[in-house]
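Here's the letter readout for the chains.
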Amino acid sequence: MSNESGTVVVAGMQYGDEAKGRLVHALADDPNVSMIVRFQGGANAGHTIFMGEKKIVLHLVPSGIPYPDKICVIGNGMVIDPERLINEIKDLQKNDLLIDKKQLRISNLAHITLPSHRERDGKNEKALGQKKIGTTGRGIGPTYEDKIGRRGLRMQDLLCDAKELHSKLEGLPEYSWLNRKQTVSDLMEYGRILKPFICDTGHLINLAIRQNKGIVFEGAQGALLDIDHGTYPFVTSSNTTAGAACTGSGIGPTAIKKVLGVCKAYTTRVGSGPFPTELFDDTGLFLREKGLEKGATTGRDRRCGWLDLVALKYAVRVNGVTKLAITKLDVLSGLKKIQVCKSYKTLKQTNDGKHKFLQIRPDDPFTEFDTKKVTPHYQEFEGWTENLRHIRKFEDLPKAAREYLDYIEKHLEVPITLVSVGPEQNEYFTR
Ligand code: GDP
Ligand code: IMO
Ligand code: MG
């Protein structure tokens with residue numbers, strides 16, 4: 001795909017699982033792209049790519065790994081569970097990928113997820129009871145807590161001697177009951193294995209920018225899971241929006257030229273939290289079954305619903321999206337009618353104590369979103385029956401599908417430049 005080179009951030013615009021991984025895989029095919037960088041999140045992500053018929057799910061390694069001549073970077077903004085990363089590397093190597101170690105670079109500054117972080121994640125969820133976030137249980141929140149609390153361990157610490165490593169554990173809340181000897185010996189073993197990958201990745205990325213090489217920054221999760229801009233507290237513990245590509249990889253904002261917002265043709269969410277357009281009927285079931293909507297990381301059923309233009313307009317705003325990719329359009333084939341949420345209604349108390357309905361439109365301030373009290377207001381579209389998986393040109397889509405995309409584009413005021421119509425590598429087209 002040649003028109004997307006330069007520096008582009010690929011950002012999820014919904015609640016994650018928008019098919020970012022497969023798009024990064026497609027964009028990275030461009031000969032101008034020499035680097036693929038993940039900049040936030042950790043093994044909570046599950047990014048699915050297809051190489052021919054072979055399906056690969058990546059959690060920590062960027063989705064550019066099928067290209068042996070390109071460098072994949074795990075940036076400083078990520079949190080890394082070294083045990084999982086080592087297993088992921090081994091699995092890739094079993095599939096004849098990542099044979100040359102130079103293909104993967106890991107930031108010396110990325111923080112480390114320990115088994116105690118995973119345990120804390122589980123305990124926190126248990127303590128929340130009914131109010132639980134529904135995390136992936138990968139220790140993401142606790143690792144970022146320790147990072148912000150200035151007591152975390154970083155990848156470069158894996159290269160210390162035992163005594164130094166031991167003293168670095170002292171800041172951890174679990175220090176008093178941690179099996180310190182075992183932990184230090186495990187960490188030193190991880191360090192021995194990962195040493196060839198660990199370096200100053202910020203230096204590498206900036207060098208590539210200076211040489212005008214194409215770089216794809218691969219976001220994880222989605223805008224509504226962003227720690228600041230998402231449906232707090234039902235969010236992940238990092239900034240998932242495009243700005244994080246800078247802080248999470250060590251570059252300045254002037255280096256980013258484009259932001260490709262990735263949006264599923266409908267909406268899904270895993271875990272708890274508000275979801276105004278969620279469907280609890282047969283259509284919801286249809287989307288889940290046809291879209292194979294099961295979490296790529298935890299295997300949980302994804303909640304499914306209609307597209308939400310109010311939330312998407314907000315995602316365009318917080319990401320500075322310049323282009324849109326609509327994915328999984330093929331899943332909608334066979335629905336008689338398709339709905340799109342174009343505004344919300346919410347009941348508001350006025351100064352005189354009365355309640356009145358307030359309409360929230362896509363350009364309005366977004367303060368009501370997390371109240372769970374909004375009712376979506378829909379625009380109805382005709383469906384289509386044709387199978388779309390073989391289509392490679394916008395003009396060849398059924399009229400109803402074109403009208404659906406035109407409506408989205410018009411309301412979000414961002415051009416749709418890519419549409420995917422199937423999970424496999426070539427099942428998409430640009431425009
Ligand atoms: P990510 O986390 O954003 O990378 O997305 P996931 O990999 O978690 O979820 C996307 C799922 O949809 C994966 O199972 C993909 O194989 C699949 N997929 C991606 N694009 C399409 C598409 O256009 N059509 C269909 N039917 N499936 C797709
Ligand atoms: P990708 O990159 C979908 C959700 C979890 C939970 C919340 C917090 O594949 O799109 P965490 O473990 O991060 O503390 O969980 O965020 N979540 C995701 N949902 N896709 C993801 O990643 C997710 N990563 C986290 O389900 O609701
Ligand atoms: Mg995913």
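Before reading further, recall that the structure is shown in the block above.
For clarity, every value in this text was computed on a predicted model and none was experimentally measured. (Residues numbered from 1 in each chain as written. Chains lettered and ligands numbered in written order. Predicted model: local features only at pLDDT ≥ 70, side-chain atom pairs only at ≥ 80, totals over all residues. Heavy atoms only, no water.)

**With respect to the overall build of the chain**
Check the secondary structure of the chain and you find 11 helices and 20 strands. A globule of 431 residues ought to have a C-alpha radius of gyration of about 22 Å, and the chain, at 22 Å, matches this closely. On the principal axes, the C-alpha backbone points of the chain span a range of 65 × 55 × 40 Å. A burial count over the chain gives 57% of its 431 residues as buried. Taking the contacts inside the chain whose residues are at least 6 apart along the sequence as the reference set, 75% of them involve residues at least 24 apart. Accessible surface, the chain as shown: approximately 18,700 Å² in total, 50% of it carbon and sulfur. One way to put it: in the chain the 62 positive side-chain charges average out to a point 2 Å from where the 53 negative ones average out. (Helix = DSSP H or I, 4+ residues; strand = E, 2+ residues; numbered from the N terminus. Rg over C-alpha atoms; globule rule 2.2 N^0.38 Å. Buried < 20%, exposed > 50% of the residue type's maximum accessible area, 1.4 Å probe, protein only. Contact = heavy atoms within 4.5 Å. Areas by Shrake-Rupley, 256 points an atom, 1.4 Å probe, with all protein chains shown as cover. Lys, Arg positive; Asp, Glu negative; His and termini not counted. Charge placed at Lys NZ, Arg CZ, Asp CG, Glu CD.)

**Details of the pairing of strand S3 (residues 47-51)**
As judged from the five bridges shared by S3 and strand S4 (residues 54-58), these two strands associate in the antiparallel manner. Each bridged residue has a counterpart across the sheet, and for Thr48 the counterpart in S4 is Val57. A loop of two residues connects S3 with S4, the two strands running antiparallel in sequence, and Gly52 in this loop sits at a positive phi of about 60 degrees. (Pairing = 2+ DSSP bridges.)

**Notes on the coordination of the magnesium ion (ligand 3)**
With distances of 2.0 to 2.2 Å, the protein atoms coordinating the magnesium ion (ligand 3) are Asp17 (OD) and Gly46 (O). Pair noted here: Asp17 is in the loop between strand S1 (7-12) and helix H1 (20-27) and Gly46 is in the loop between strand S2 (33-38) and S3, with a separation of 29 residues, a long-range link. (Donors = N, O, S within 2.8 Å, 3.2 Å for Na, K, Ca; no water.)

**Digging into the site of ligand 2**
Of all residues adjacent to ligand 2, which total 20 residues, the nearest are Asp17, Lys20, His47, Thr136 and Thr236. With respect to ligand 2, the side chain of Arg300 contributes an N or O atom lying 3.0 Å from an oxygen atom. Considered on its own, ligand 2 offers 550 Å² of accessible surface; in the complex 97% of this is hidden by protein. For the shell around ligand 2, a count of residues per class yields seven nonpolar, 10 polar and three charged. (Near = heavy atom within 4 Å. Polar contact = N/O pair within 3.5 Å; in protein donor to acceptor, adjacent residues only side chain to side chain. Nonpolar A, V, L, I, M, F, W, Y, C, P; charged D, E, K, R; others polar.)

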